[in-house]
Amino acid sequence: MWDWSFALEILPTLAKAAIVTVEVTIVGFLIALTVGLALAAARVMLPWTAVPVSLLVELVRSTPLLIQIFFLYFVGPSFGLTLDAMTAGTLAVGLHYAAYCSEVYRAGFESVPRGQWEASVALNLGRWTTLRDIIIPQAIPPVVPALGNYLVALFKETPLLSAIAVMELMQSAKIIGSQTFRYNEPITLVGLFFLVMSLASAWAIRRVEAGINRRYRR
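This section reports on the structure supplied with the text.

## What to know about the packing of helix H4 (residues 85-111) against helix H6 (residues 127-157)
Next, step 1: Relative to each other, H4 and H6 sit at 140 degrees, their axes nearing to 8 Å. Classed by the angle they form, the pair H4 and H6 counts as oblique. Judged by the sense of rotation from one axis to the other, the crossing of H4 with H6 is right-handed. Of H6, the residues touching H4 (which contributes Val93, Tyr97, Tyr100, Cys101, Val104, Tyr105, Gly108 and Phe109) are Leu131, Ile135, Ile136, Ala139, Ile140, Val143, Ala146, Leu147, Tyr150, Ala153, Leu154 and Glu157.
Next, step 2: Of the residues that constitute the contact of H4 with H6, the class distribution is 18 nonpolar, one polar and one charged.

This is the structure in structure tokens:
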């Protein structure tokens, strides 16, 4: 049976844990956007990196995120990389989705007509200047929806961090359930939180996409 008084009692605890979930999402996605762009740019600007970067991207995409989280947190210290649970989890999530974002960026770069590069060479512009000022402004707007989808996907992957005891939303709900033997309310509230935040993120992404498209058409 649903107990409203118990649900209201545990709501502040879950709200604090929700802040951790949002922090992981924001920082992890910023890592994904930055590293993904760096990987895609390296493949475009430095041909000799194409093979190693491609192999790295496929390795990350072909292995489960949970294994990557465990690897950074438990195996990392063997190689001198000791991270706390929050840092290891956020970094693992960010790097995992950086591999996906790099492929999105690469598709955006390839959608820019080759004539743009040729015109830049004719104007004696450097390759990095061309990438920064000409190619990226044209490549990013079409891929915003795909990047937004990965933001929502990353957000929904954050419960995996409970496996290394990060006190995010799902871990807090599990602890409340184990202490009170009541799982109905905490798990339901967690599900509702993810639903609301996913819908809000999707709405914000559509707004950003519309704004970029209006500016791009001008």
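## Focus on the nonpolar core
Next, step 1: In this structure, Phe109 and Leu131 are the most contacted members of the largest nonpolar core, which totals 34 residues.
Next, step 2: Of all the elements in the fold, those that place two or more residues in this core are helix H1 (4-45), helix H3 (65-75), H4 and H6.
Next, step 3: In terms of residue count, the dominant contributor to this core is H4 (11 residues).
Next, step 4: Discounting chain neighbours no more than four positions away, the residues touching leucine 131 are Ala41, Met45, Phe109, Trp117, Ile136 and Pro137.

## Overview of the side chain of glutamine 68
Next, step 1: Relative to the helices and strands, glutamine 68 is located in helix H3.
Next, step 2: In this structure glutamine 68 comes out as buried when scored by relative accessible area, which is 15%.
Next, step 3: Not counting residues within four places of it along the chain, the set of residues in contact with glutamine 68 comprises Val60, Thr63, Ala92 and His96.

## A look at H6
Next, step 1: Helix length check: H6 (31 residues) gives 37 Å between terminal C-alpha atoms against 45 Å at 1.5 Å per residue, more than 12% under.
Next, step 2: Within H6, the axis deviates most sharply at valine 143, by approximately 55 degrees, and proline proline 145 lies no more than four positions further along.

## What about the packing of aromatic side chains?
Next, step 1: Summed over all chains, the structure comprises 10 aromatic pairs.
Next, step 2: Their ring planes at 55 degrees and their centres at 6.1 Å tell us that phenylalanine 155 and phenylalanine 193 sit as a pair that is tilted. Of this pair, phenylalanine 155 sits in helix H6 while phenylalanine 193 sits in helix H8 (residues 184-217), and the two are 38 residues apart along the sequence.
Next, step 3: The class for phenylalanine 155 is buried, based on a relative accessible area of 4%.
Next, step 4: With a centroid separation of 5.8 Å and 80 degrees between ring planes, the pair formed by phenylalanine 193 and phenylalanine 194 is classed as edge-to-face.
Next, step 5: You can call phenylalanine 194 buried: its relative accessible area is 11%.
Next, step 6: In this structure an aromatic cluster arises from ring pairing among Phe70, Tyr73 and Phe74.

Calculation notes
Residues numbered from 1 in each chain as written. Predicted model: local features only at pLDDT ≥ 70, side-chain atom pairs only at ≥ 80, totals over all residues. Heavy atoms only, no water. Axes fitted to C-alpha atoms, helices over the stretch in contact; angles between N-to-C directions. Helix = DSSP H or I, 4+ residues; strand = E, 2+ residues; numbered from the N terminus. Parallel < 35°, antiparallel > 145°, perpendicular 65-115°, else oblique. Left-handed = near helix turned anticlockwise from the far one by under 90°. Contact = heavy atoms within 4.5 Å. Nonpolar A, V, L, I, M, F, W, Y, C, P; charged D, E, K, R; others polar. Core = buried A, V, L, I, M, F, W, Y, C linked by side-chain atoms within 4.5 Å. Buried < 20%, exposed > 50% of the residue type's maximum accessible area, 1.4 Å probe, protein only. Expected span 1.5 Å × (residues − 1). Bend = angle between axes of the 7 residues up to and from the residue. Phe/Tyr/Trp six-rings, centres within 6.5 Å; stacked < 30°, edge-to-face > 60°.

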